[in-house]
Amino acid sequence: MSWIDIGALEDVPLRGTRLVKTKLGCIGLFRTGEAEVFAASNTCPHKGGPLNEGIVHGRRVTCPLHNMVFDLETGAAQGADEGRIETFPVRIEAGRILLDVTALARSAA
Amino acid sequence: MQKLVVIGAGMASGRVLEHLFEADPDAYEVTLFNAEPRGNYNRIMLSPVLSGEKSYGEIVTHDDTWYGRNDVTCRFGEKVVAVDRARKVVIGENGEVPYDKLVFGTGSSAFIIPCPGHDLPGVVAFRDLEDTSAMTEASARPGAKAVVIGGGLLGLEAAAALRLRGMEVTVLHLMGHLMERQLDEAAGYLLRKDLERRGITVMTQASTKEIRGQGRVEQVVLEDGTVLEADIVVMAVGIRPQVQLAKEAGLAVGRAIQVDAQMRTSDPDVFAVGECVEFEGHLFGLVAPLYDQAKVLAKTLLDEEETFAVKELSTKLKVTGCDLFSAGDFAEGDSREDIVFRDPARGVYKRLVLEDDRLVGAVMYGDTADGNWFFSLIKDGTDVSGMRDTLIFGPAYQGGASADPLSAVAALPDDAEICGCNGVCKGTIVAAIEGGAGDLPSLRAKTKASASCGTCTGLVEQLLAVTLGDGYAAPAAQPVCGCCDLTHEEVRRLIRAKELKSQPAVWQELGWKTVNGCHVCRPAVNFYLLADWPLEYRDDPQSRFVNERNHANIQKDGTYSVMPRMWGGMTDANELRAIADAAEKYGAAVKVTGGQRIDLLGIRKEDLPAIWSDLNDAGMVSGHAYSKGLRTVKTCVGSDWCRFGTQDSTGLGIRLEKRLWGSWTPHKVKLGVSGCPRNCAEATCKDIGIVCVDSGYQIGVGGAAGMDVKEVERLAEAATEAEAIDLVVAFVQLYRENAKYLDRPYRWIAKVGLDWVKAQVLDPEVRAGLIARFDISQSVYQHDPWADHVQTRRAAYAPLADLSLEAAE
C-alpha cells in the first residue's frame, strides 16, 4: 500500500465530487457522507460521461449524460444496465483524503 | 322526432341523456338548459379539485364533442324563467323552446344558515365550481383561515382539502360528534382525532350566532361568545331541493317535486330526476340513487317498463387517510345487539348491529376492507346466526379460508355491489374482465365501475387481480420516483401544508425510502423547497443537474458551452468584441442561436471561471441557457425601426428579461415579443408570447415548439406596458408555485385549465400577491452566478489533485 495525500476532505462538498488526474485517466472522488469518500474511475463505460458531474445519492452516483447509476462500493452498474467502473482504495485521516496509488499501478499492469 | 327539454345539467340528468342516447340515439331531439355556464361535470369530485389532487378538466363528464355528437342543443348560462304547460313550452331568458317531454333536473342548493352576516362576500357553499374557486383563491394567501360550518360528509371533505392547501381550518358542528347521521360516537371520535392530527380544529356542539366583517367576512361568532378569525366561511349544513320553477309551473310539490316510480310528476309529460325529487316521502342526496333514477327515467322516456325503489345506502368519506365506512341503521334498540371490535393502537373500530339474526347496520373506522361484504349481507338480509362468532373478522374468516388480502374480494357473491355510485355488481365486472377488459381504463369504459367517485378503485383492481391472476399488472400510481410513494403534486402540497423547509425534513416526514433521494427526486424537491420558501431554504448545488451546477451546458465530449445574456436580443460592438476575443482565447466554436444570442462551444471546465470573468469584464452576465428558469426573450425591432411596429417590442422584451432573469422555474421558460401581428419574433409558440397591437398587448401563454408544437392561448390583453409586465410576472410566479417539476407551462396549463390560470392572474388581489412573492424570490436569486462562482468557487472547477506527473509505483 502506498497512500498519497491528495487534498482536504472539506474541499469536497457533502454529496459532491472532485476530480483527480492520473496518467491512467481521471479518478472521481465522491463524498457520500460527512466522513465517507469513495474513489472510482471517472469515466462512464456507456458513452464516457464524466461521473464527477453526476448527482451523488446514498452510496451511488448517476452519470450526467444518460442517467446510468453506479454503486460506488462495488463499481457495478445498477438496475437493468450492465457495466462496471473501477474503484480505488481511499481513506480519510485527520481531515485529509488519502488515495492508494499502488492500486493505480496495478490497474496499469 | 319528439322534442325533449332538460332543465339542469347535473349528474342525474347527464346520466339520463347517456342512457337515452345509448338505447336509442334517434328518439329525441334534446335541448339542455343549465344556469351554470358549463355542461355536466362530476360534482362529487369537487373535493379532489379543491385539494388540488384533480383538475376541473379531469372531472368533466360530458364535453362539447359529446354534446355535438348527440346533437344536444346546449343553452348553458341561461336561466329558465318559466314553464308553460298549457302551451308545452319552456321559457328561457333568450327565448322559448317547445317540448313534447320535459325533464326537471334542477338539483338542490346549499342551505345557508340565515344568521346575521350570512350574505357577506367570503361566505360560500360547497356546491359548484364557483364555490371551489372561491375557496382555492382564499387559500392562496399565506396564513389564511377557513371556518367550515357543518361536520358532515361535505363539510369534512372541504375542511380536509382546504387544510391540504395550507389553510388554518376550524370545523364547527352543531351535534355532539361528527357525521352523526353516518357514524356512532366511537367512530366519530376516531375521525375527529384523525382530523385533529392533520391540524384541523374541530368544535362540536358549536352553534353559529353571527358572521362579522367590513365588506367581507372577517370573524365568526358562536353562541357561547367564542370569536374565530376567518378569511372564508364554508356553509355545508345541508341542501334544499330547487323547486321554485316546478312550483310556479303548478306541479305537485311537497318537500321536493313529487314523482312516481317511473319518475313522472303530476303532469304525465313532465318528469323529474335527482336531488329535486321526492319519492314516497324520501329526498335524495347521495349519488347512487340518483343514478338509479336516471336509469329508470331513460327507460320511461323510451316507453319501457322500469320501477325505481329506495335502497339501502352505504357511505365512504373521500378524505385520503381517513378510512371510514357506514351502512344501514345502527341506532340502538331493545331488540338489537351489537358486536364491537376495537384496536386502539391501530385506531381501528368496527361495530355490527344485528336484529333477528340479521345484520342491519355496520360502522367501521380504520380498516374498511370488508365494508362491501357487510353491506351485501345487510341488503340481502342474510341469516348470520351460523357465522356470528367470526362475523366481525370478515369474509376471510368464514369457512376457514386463508387471510389472503384478495380472498375477501374473491369471497364476495356475484351480486355484491362493488361500485355504489353506478350500481355495478361483482358479476358484471368479472364478466367484463373475462370479455377482454384487462385494465382499469377499459373496465371503466365498459362498466362505469369506479368511474365516478373512485373510492372503489382498489376493489376493482383486486377483482382484476383475482380474475386475471398473474396476468394483471397493477398500474403504478405515478410516484415521483422509487424513493417515495407520493406524486409530485402531493409532495408540493405537503411541503406547504407541513411547512417542510429542508431536504431532510422532506425525506423524514414524507417517508422517503432512500437515505437522501436520487437523481430524479432531489432536483424536484430542491426546486419545490426554494420556490415555496425562498428566504428559509437555500438552493443545494448537489441536487442540481450538471448544467445548473456548473452554469454551462455540458456537451457530449465533456466540454461546455458558454452563452452570455443579450437582453432582448440586442448587443453592441463592445460585447461582440469581447465575445470574439473570448472565442479566440479559449478556442471556442461560435454559433448563433435561435434565441438571438451567441453560443461559445467547446470550453473546458477548468477554463469556465476565466471565460466568465472575461465576459463579466465586458458587462455581460450568464444567459442561463442551461437552467430550468428564464432563458431568452426574443424580440423584433418594433416601433424603433420597423415601419409596421406598433409598440416598442424590443424595449418591452428587455424590460421583461431584466425583471425575470435569474428565477428558477419548474422547467425552462422562453418568451417572445413581436411588435405587430406579422409576428417576426415568433411569439405565438413561446411559453409566454406577447404580440403588440395598436391598442396594446396581447399576452398568450402555453405555446410550444419542441417535442410538441402548440400555439399560445390568450391569457389577457393589456392596455399598457406596465400592465403587460405585471401579468407576465404573475403568470410566471403562479407557474413556479403550482407546476410539477419538468412540466413546461403548456403541460401544466393542460392539467389545471387555462380558466383557472386566468382567474388567478386576472384577480387584482391574487395578482398582487403573486408579484410580491416573485419579487421576494428575486431578492435572493436574481444575481449573476458567473460573477459569484468566479469569486467564491473558482477552485472547485479545477481537479483536486494532478497525479499525472507522479510516478505510479
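Because the structure is a prediction, the values reported are computed rather than measured. (Residues numbered from 1 in each chain as written. Chains lettered and ligands numbered in written order. Predicted model: local features only at pLDDT ≥ 70, side-chain atom pairs only at ≥ 80, totals over all residues.)

Undergrad: Honestly, the overall build of chain A in this entry has me stumped. Any pointers?
TA: Regarding its fold elements, chain A presents one helix and 10 strands. If you list the helices and strands of chain A from N to C, you get β-β-β-β-β-β-β-β-β-β-α. Burial analysis of chain A (109 residues in total) assigns 43% to the buried set. In chain A, once contacts between residues fewer than 6 apart in sequence are set aside, the share between residues at least 24 apart is 40%. (Helix = DSSP H or I, 4+ residues; strand = E, 2+ residues; numbered from the N terminus. Buried ≥ 20, exposed ≤ 12 C-beta atoms within 10 Å, placed from the backbone. Contact = placed C-beta atoms within 7 Å.)

Undergrad: What is the right way to read the UniProt feature "binding site: [4Fe-4S] cluster" (unreviewed entry) in chain B from this model?
TA: All names here are of chain B. Within this numbering scheme, the UniProt entry marks Cys636, Cys642, Cys676 and Cys680 as carrying the feature "binding site: [4Fe-4S] cluster" (unreviewed entry). These annotated residues cover 45 residues of sequence, and their C-alpha atoms lie no more than 10.8 Å from one another, placing them together at a single site. In this structure, Cys636 sits in the loop between β32 (630–635) and α21 (638–641). The exposure class assigned to Cys636 is buried, which follows from the 27 C-beta atoms found within 10 Å. Cys636 has contacts with Cys642, Ser649, Ser674, Gly675, Cys680 and Ala681, leaving out every residue within four places of it along the chain. Assignment of secondary structure puts Cys676 in the loop between β33 (669–674) and β34 (688–693). Not counting residues up to four positions away in its chain, the partners in contact with Cys676 are Phe644, Gly645, Thr646 and Cys692. (UniProt positions renumbered as here; feature names shortened; annotations may be inferred.)

Undergrad: Hey, could you run me through the interface of chain B and chain A in this one?
TA: Interfaces are often sized by the accessible area lost when the parts come together. Listed as interface residues are 21 residues of chain B and, on the opposing side, 28 residues of chain A. Of the residues assigned to the side of chain B that touches chain A, the class counts are 10 nonpolar, eight polar and three charged. Pairing analysis gives two bridges linking strand β2 (residues 17–22) of chain A to strand β39 (residues 801–802) of chain B, with the strands arranged parallel. The residue of β39(B) that forms the bridge with Lys21(A) is Asp802(B). (Nonpolar A, V, L, I, M, F, W, Y, C, P; charged D, E, K, R; others polar. Pairing = 2+ DSSP bridges.)

Undergrad: In this structure, what is going on with helix α20 (residues 608–617) of chain B? I would like to understand it.
TA: Note: α-helices contain 3.6 residues per turn, so residues at a spacing of three or four share the same orientation. Residues and elements named next belong to chain B. Residues of α20 that are buried include every one of Leu608, Ile611, Trp612 and Leu615, and no others. All buried residues of α20 fall inside an arc of 100 degrees around its axis, so they share one side. Close packing links the buried residues of α20 with α18 (546–550), β29 (560–562), α19 (573–586), β31 (598–603) and α27 (785–792). With its phi angle positive at about 90 degrees, Gly619 sits one or two positions after the end of α20. (Arc of directions from axis to C-beta.)

Undergrad: Is there a simple way to think about the packing of helix α23 (residues 721–738) of chain B against helix α25 (residues 754–762) of chain B in this case?
TA: Two packed helices can be described by the angle between their axes and the distance between those axes. Residues and elements named next belong to chain B. The interhelical angle for the contact between α23 and α25, taken along N-to-C directions, is 125 degrees, at an axis separation of 10 Å. It follows from the interaxial angle that α23 and α25 lie oblique. By crossing handedness, the relation of α23 to α25 is classed as right-handed. In this structure, α23 uses Leu727, Ala730, Phe731 and Leu734 to contact α25, whose residues at the interface are Val757, Gln760 and Val761. Looking at the contact of α23 with α25 residue by residue, the class counts come to six nonpolar, one polar and no charged. (Axes fitted to C-alpha atoms, helices over the stretch in contact; angles between N-to-C directions. Parallel < 35°, antiparallel > 145°, perpendicular 65-115°, else oblique. Left-handed = near helix turned anticlockwise from the far one by under 90°.)

Undergrad: Which parts of the structure should I look at to understand the packing of helix α22 (residues 649–660) of chain B against α23(B)?
TA: All names here are of chain B. Two numbers describe how α22 lies on α23: the axes approach to 11 Å, and their chain directions differ by 35 degrees. For α22 against α23, the interelement crossing comes out right-handed. Seen from α22, the contacting residues are Leu652, Arg655, Leu656, Arg659 and Leu660; seen from α23, they are Glu721, Ala724, Ile725, Val728, Val729 and Val732.

Undergrad: Can you walk me through the UniProt feature "binding site: siroheme" (unreviewed entry) in chain B in this structure?
TA: Residues and elements named next belong to chain B. Taking the UniProt record as the reference, the feature "binding site: siroheme" (unreviewed entry) is found at Cys680. Counting through the fold element by element, Cys680 comes out in the loop between β33 and β34. Its 18 C-beta neighbours within 10 Å are what place Cys680 among the partly exposed residues.

Undergrad: Explain the sheet that holds strand β22 (residues 324–328) of chain B here, please?
TA: Residue and element names in this part refer to chain B. Spatially, the five strands line up as an open sheet ordered β21-β22-β25-β24-β23, and their pairing is antiparallel. Taken across any chain shown, the strands that pair with only one partner, and hence form the sheet edges, are β21 (314–316) and β23 (336–343). Taken over all neighbouring pairs, the strand axes of this sheet differ in orientation by 15 degrees on average, direction set aside. Here β23 pairs with strand β24 (residues 348–355) via eight bridges, running antiparallel. Paired with Arg336 across the strands is Glu355, a residue of β24. In this fold helix α7 (residues 185–197) packs onto β22, β24 and β25 (358–365), with an angle of close to 20 degrees to the strand it touches most, β25.

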